[in-house]
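One letter stands for each residue in the lines below.
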Amino acid sequence: MTKYLVTAALPYGNGPLHFGHLAGVYLPADIFSRHMKLMGEELIYVSGSDEHGVAIMQNAQKAGIGYKEYVDQWHQDHKSLFDKFDIEFDVFGQTSAEYHREETLKWFEILYEKGAIEKQDEKQLQCQDCKNLLPDRFVEGECYECGYENARGDECPKCGTWIDPLKLKNPQCKFCDSKNIKAIDSFQWYLMLSKYQKEFDSWFETKSSWKKTVFPYVKSLASEGLVNRAITRDLDWGIDVPLDEAEGKKLYVWFDAPIGYVSNTKKLFEGTDTDYLNDWWLNKDTKLVHFIGKDNIIFHSIIFPVMSLVSERAKLVDDLPANQYLNLSGAQFSKSSGNSLDSHQAIDKFGSDALRFYLASLIPEMQDSNFTWSGLEVKVNNELANNIGNFINRCLKFYVKNYPEGINLTEKYDFFETELFTEFEKLRVEYQNSLKDYQFQKAIKALMGIGFSANQYFSDREPWSKIKEDVPHAEVTLYTSVILVYLIGIHFSSLLPKLSHEIRAHFEEGLQNENFYQKIYQGEYEELKSYLNSNPLKIIKKPKGLVPKIDPDIIKDLEG
RNA sequence: CGCGGGAUGGAGCAGUCUGGUAGCUCGUCGGGCUCAUAACCCGAAGGUCAGAGGUUCGAAUCCUCUUCCCGCAACCA
């Protein structure tokens, strides 16, 4: 039995999450996970905070608090944002936790024993005033290619040259601004990716079906030869390198971060009979899917797979549905340049249905997409509210007004034999197949199509006039439409869980039961049929507009 | 010639792998309806698919070149 191990890139515990993170990673992974679970698949959705690295150290120092305290704050902040967005992880842990350290050390030890990790000497810059070692980003100077004065230690922003920090002219320490910098002899441990080129190539060949923003890119990188990477740093925040001669060195954040997927799974099953390795990470029936943004492709397609291959503590990734970027008004989200917005404020103002709907429609599957406030207004008001929200409202209100006790028509009418139902099934299958293929735009289109068919049916049959001259005709229309409302409610549960729940809440308890509607989600209607045979279809809650429209004035304010 | 992706009606996108009279959502215009959140339904206008060349009976779709946009190696979805 195939089971699904879904991971979402560990958010870095160093700042607020923005819509790009949500639309690119957490939302698609959440929709996918909810969908597969509803389809009856065994699936876990794993993520957690990524909490090591220099950037965190710097910002914690700036904030004047301890590292652990600092990352705990962001962990809580991210968690609460995910809650508001109805992003439902099975586990959301922390890489600063002890269980993660233990798992990471196991990986290191195995890789080290197998010769995949080697010590190499290297020159490093050290500030002679503050005594800090200065890895790439912590030194600035003059580019030796183009002469640009503020080149960073890794890349010259002007000419794009990949900088060797040792060759920078007039290097300056980013910690204390001192220019008294010397190259000293040092050493680090390297992950010897180049040793595994062959194994990597033959594995990666089998992934040609990955999307074209991923496969050709990785293939071209790999064909240039896998590059060994330093996986230790001279820092005082992180996991200690478990070697005698590595005093004062920590594992580099990018080494331990992906192991976080594994360690968080371990945490999830702690105290149960489930073995996180044999039942999940090493199970050949497990399908491993990493949801990530495009910047993360190399780690998830090359580095972590090679680590897994050698350590044999994880199977290799099966699917890598990496997304492009969601931009804000045409430019990347960036707090430092002011191109940002407060995700918490936004979700508090508009709610998860509206934002999930808009962001899902913006999931940058093949190319960068663009968030705008007016886009939110247009999308939510014109599509979700006018199509779906309005159909539910017009239908339920009319129904309750005329048939407060419900209708039972099964004696003379079979909804499941109608053309409308056939059309519904076609769209439902399209919707679900698209979700399974990570094609979220297509899925939404199919879902909207159901709303359109429903409105069309309702309008064509004019129950408002038929009810005066041909009551049975009107009854069929209303009865059918209310069934559609129920079905729409069920099928929204992966995309908009709140709205879905609110729709279902209008129906009697038996229909609200999760096991009951899950069958329907899967396209099995027997139980629904027998329910309808013996019960009138009754609305138990006074209908009201479920999808409130967004006030254009609020949007104007936000854009102003 | 560093690498990868992209360029399709006013806007946002699908179609490109597996060539055969250009499709979807929104917007616009005209009509209908009044159950409903000024919502819904019907119809119309509007593009020759970044540019040039080539292959072909036929190309948005394959090939070549050009232009422009985005991203790119280790903090950043």
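First, a word on what this report is: a plain description of the structure on this page. What you are looking at is a predicted structure, and each value in this text was computed from that prediction instead of being measured. (Residues numbered from 1 in each chain as written. Chains lettered and ligands numbered in written order. Predicted model: local features only at pLDDT ≥ 70, side-chain atom pairs only at ≥ 80, totals over all residues. Heavy atoms only, no water.)

### Description of the overall build of chain A
Alright, step 1. The secondary structure content of chain A amounts to 20 helices and 14 strands.
Alright, step 2. Judged by the C-alpha coordinates and their principal axes, chain A covers about 95 × 55 × 40 Å.
Alright, step 3. With 560 residues in all, chain A has 55% of them scored as buried.
Alright, step 4. Counting only contacts in chain A whose residues sit at least 6 apart along the sequence, the fraction spanning at least 24 positions is 75%.
Alright, step 5. Within the structure as shown, chain A displays about 24500 Å² of accessible surface, and the carbon and sulfur contribution to it stands at 46%. (Helix = DSSP H or I, 4+ residues; strand = E, 2+ residues; numbered from the N terminus. Buried < 20%, exposed > 50% of the residue type's maximum accessible area, 1.4 Å probe, protein only. Contact = heavy atoms within 4.5 Å. Areas by Shrake-Rupley, 256 points an atom, 1.4 Å probe, with all protein chains shown as cover.)

### A few points about the sheet that holds strand 3 (residues 91-94)
Alright, step 1. In spatial order, the strands read 3-2-1-12; together these 4 strands make up an open sheet with parallel pairing. Edge positions in the open sheet fall to strand 3 and strand 12 (286-291), since each of these has one partner strand only. When the angles between neighbouring strand axes are averaged without regard to direction, this sheet yields 20 degrees.
Alright, step 2. With 6 bridges joining them, strand 1 (residues 3-8) and strand 12 adopt parallel strand pairing. Residue pairing in the sheet places Leu5 in a bridge with Leu288 of strand 12.
Alright, step 3. The strands touched by helix 7 (residues 253-268) are strand 1, strand 2 (42-49), strand 3 and strand 12; relative to strand 2, the strand with the most contacts, the crossing angle is about 115 degrees. (Pairing = 2+ DSSP bridges. Axes fitted to C-alpha atoms, helices over the stretch in contact; angles between N-to-C directions.)

### So, the pairing of strand 2
Alright, step 1. Across the 8 residues of strand 2, 7 count as buried, placing the element largely inside the fold.
Alright, step 2. One ladder, built from 5 bridges, connects strand 1 with strand 2; its direction is parallel. Residue pairing in the sheet places Val6 in a bridge with Tyr45 of strand 2.
Alright, step 3. Taking the sense of rotation as the criterion, the β-α-β connection linking strand 1, helix 1 (residues 19-38) and strand 2 turns out right-handed.
Alright, step 4. Alignment of strand 2 against strand 3, held across 4 bridges, turns out to be parallel. Its bridge partner lying in strand 3, Ser49 is registered against Gln94. (Right-handed = clockwise from strand over helix to strand, strands pointing away.)

### Here's the deal with the packing of aromatic side chains
Alright, step 1. Under the criterion given, the structure shown has 42 aromatic pairs.
Alright, step 2. Their ring planes at 80 degrees and their centres at 6.2 Å tell us that Phe108 and Phe255 sit as a pair that is edge-to-face. Note that Phe108 is positioned in helix 4 (residues 98-113) and Phe255 in helix 7, a separation of 147 residues in sequence.
Alright, step 3. Residue classification places Phe255 among the buried positions, given a relative accessible area of 1%.
Alright, step 4. Among the aromatic residues, ring-to-ring pairing joins Phe19, Phe85, Phe350, Tyr358, Phe371 and Trp373 into one connected group.
Alright, step 5. One residue, Arg233, lies across the ring of Tyr252, its end atom 3.9 Å from the ring centre.
Alright, step 6. Over the face of the ring belonging to Phe416 we find Lys529, whose NZ or CZ atom lies 5.1 Å from the ring centre. (Phe/Tyr/Trp six-rings, centres within 6.5 Å; stacked < 30°, edge-to-face > 60°. Lys NZ or Arg CZ within 6 Å of the ring centre and 35° of its normal.)

### What about the side chain of Ser500?
Alright, step 1. Its location among the elements puts Ser500 in helix 16 (residues 497-504).
Alright, step 2. Of note is the side chain of Ser500, whose polar atom sits 2.6 Å from the backbone oxygen of Gly489.
Alright, step 3. At a separation of 2.9 Å, a polar atom in the side chain of Ser500 contacts the side chain of Arg504.
Alright, step 4. Setting aside residues no more than four positions away along its own chain, Ser500 makes contact with Gly489, Ile490, Phe492 and Ser493. (Polar contact = N/O pair within 3.5 Å; in protein donor to acceptor, adjacent residues only side chain to side chain.)

### Some words on the pattern of salt bridges
Where charged atoms from two side chains of opposite charge approach closely, those side chains can pair.
Alright, step 1. In total, this model carries 28 salt bridges according to the counting rule given.
Alright, step 2. With a closest N to O distance of 3.9 Å, Glu88 and Arg34 form a salt bridge. In this pair, Glu88 is assigned in the loop between helix 3 (67-84) and strand 3 and Arg34 in helix 1, connecting sequence segments 54 residues apart.
Alright, step 3. Shared partners join several salt bridges into a network, and the residues in it are Asp30, Arg34, Glu88 and Arg356. (Salt bridge = Lys/Arg side-chain N within 4 Å of Asp/Glu carboxyl O.)

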